[in-house]
Amino acid sequence: MQGLAQEVTALRPELLNGDATVGELAWVWAKDFDALGRFWRHRMWFAEGRLAAWGWACLPHQVPRGDGTVLQVKGANLIWQTHPDRAAMLGEILGWYDAVAGHVPRLLTVQSADVEAQRIVAAHGYAFDAEAGADDGSWVQFNTRDLTDVPDPALPEGFRFLNVNDVSAADAVKAHRDAWHASRFSESAFERVRRTWPYRGDLHALIAAPDGTLAATAIIWLDEATRTAEFEPVGTHRDFRRLGLGTALQLHGMQLARAAGATRMLVACRGAPADPAARNMYYGVGFRPISRDLPQVKVARQRY
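Every value quoted in this text rests on a predicted model; they were computed, and no experiment measured them.

Caption draft 1: Examining the nonpolar core more closely. Within the largest apolar cluster, 40 residues are counted, with the highest numbers of intra-cluster contacts made by Trp54, Phe190 and Val193. For this core, the secondary structure elements donating two or more residues are helix H1 (2–11), helix H2 (22–36), strand S2 (50–58), helix H5 (169–179), helix H6 (187–194), strand S10 (204–208) and strand S11 (214–223). Once residues within four sequence positions are removed from consideration, Val193 is found in contact with Trp27, Ala30, Lys31, Phe185, Tyr199, Ile219 and Trp221. Counting residues in each nonpolar core, the second largest holds 28 residues, with Ala218, Leu245, Leu249 and Cys269 among its members.

Caption draft 2: Broad picture of the packing of aromatic side chains. Under the criterion given, the structure shown has 12 aromatic pairs. Geometrically, the ring pair formed by Trp45 and Trp96 is edge-to-face, given 6.0 Å between the ring centres and 80° between the ring planes. Residue Trp45 is located in strand S1 (residues 40–47), and its partner Trp96 is located in helix H3 (residues 90–101); the two are separated by 51 residues in the primary sequence. Of the two residues, Trp45 and Trp96, neither departs from the other in class, the shared state being buried.

Caption draft 3: Region of the structure containing the environment of Ala53. Within the fold, Ala53 resides in strand S2. Relative accessible area serves as the criterion here: at 0%, Ala53 is assigned to the buried category. On a C-alpha basis, the gap between Ala53 and Gly68 in space is 37 Å, while along the polypeptide they are 15 residues apart.

Caption draft 4: Here's a closer look at the pattern of salt bridges. Overall, the coordinates contain 14 salt bridges when judged by the stated rule. Between Glu48 and Arg86 there is a salt bridge, with the nearest N and O atoms lying 3.8 Å from each other. Placement of Glu48 in the loop between S1 and S2 and of Arg86 in the loop between strand S5 (76–82) and H3 is noted, with a sequence separation of 38 residues between them. Here the residues in one salt-bridge network are Lys31, Asp32 and Arg184, joined through shared partners.

Caption draft 5: Representation of helix H7 (residues 245–259). Over its 15 residues, H7 runs 21 Å from end to end, which matches the ideal 21 Å to within 8%, given 1.5 Å per residue. Turning to H7, its buried residues are Leu245, Gly246, Ala248, Leu249, Gln250, Leu251, His252, Gly253, Met254 and Ala257. Just downstream of H7, Gly261 is the residue with a positive phi angle, here 115°.

Caption draft 6: Spotlight on the packing of H1 against H2. Running from amino to carboxyl end, H1 crosses H2 at an angle of 155°, the nearest separation of the two axes being 8 Å. Viewed along their axes, H1 and H2 adopt a mutual orientation that is roughly antiparallel. Judged by residue contacts, Gln2, Ala5 and Gln6 of H1 engage Val22, Leu25 and Ala26 from H2. In terms of residue class, the contact of H1 with H2 is built from four nonpolar, two polar and no charged.

Each value, and the rule that gives it
Residues numbered from 1 in each chain as written. Predicted model: local features only at pLDDT ≥ 70, side-chain atom pairs only at ≥ 80, totals over all residues. Heavy atoms only, no water. Core = buried A, V, L, I, M, F, W, Y, C linked by side-chain atoms within 4.5 Å. Buried < 20%, exposed > 50% of the residue type's maximum accessible area, 1.4 Å probe, protein only. Helix = DSSP H or I, 4+ residues; strand = E, 2+ residues; numbered from the N terminus. Contact = heavy atoms within 4.5 Å. Phe/Tyr/Trp six-rings, centres within 6.5 Å; stacked < 30°, edge-to-face > 60°. Salt bridge = Lys/Arg side-chain N within 4 Å of Asp/Glu carboxyl O. Expected span 1.5 Å × (residues − 1). Axes fitted to C-alpha atoms, helices over the stretch in contact; angles between N-to-C directions. Parallel < 35°, antiparallel > 145°, perpendicular 65-115°, else oblique. Nonpolar A, V, L, I, M, F, W, Y, C, P; charged D, E, K, R; others polar.

Next comes the structure, spelled out in structure tokens:
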């Protein structure tokens, strides 16, 4: 699956689907396997001996969250990817998705740049999800930046950059959960992340506050084949926001990626105008959008 992501990255990065990049696949698979693995279904399609398409369906589930609440998902969700030369295979993926999801609402996203995918999903009964895709919805945009010119980062006095090799696994996990308080990220999940290609500890950047608190965290996934690096995730401790740490960590991370051989950086973020903070931070360090999610929904027919 990551190999196909490499091909799409090299040929048509604007056609990379949400959670279907090299880094997103590694991150989502590793961090969620314990909680969600039993709800996942996968299938791959080959053409002339090479992977041409894949589908990854997550079925309805209920799991505890890190803040003590329970996440209840009543519909199914599809992550998918086709090779740019095999776009028609999306129809086969959707047929399989119908079969494994059963009689529940089915969700997926297509990219704004992918006109053929938009046509195919419409022909299979999907419609734009006006709620998820609204100006205050949860949709994501995909951004890119070349690494030819990256300014030096500036940290507030007493703050310093670290990487994950400088701290314990427990502290690295705590840094993540301090940034995303509802996260169920655990030390066992982190150990799986560390074993998943292309994770590198020297590209897992952190910022320490003067009192030693890990105030910000970012993982950089480097694909040496395409010389492309991706941020996922990036977050700041709730008590250290609005200090410029996100901007500094982005610039520092891009310098690390460039030194490791990357020429291009990718990052996904919330794109809705009602929630501009992350998007504006990325714009402020030179990222520009290349595509956005168009959330799609197919409501199951009522059975009588």
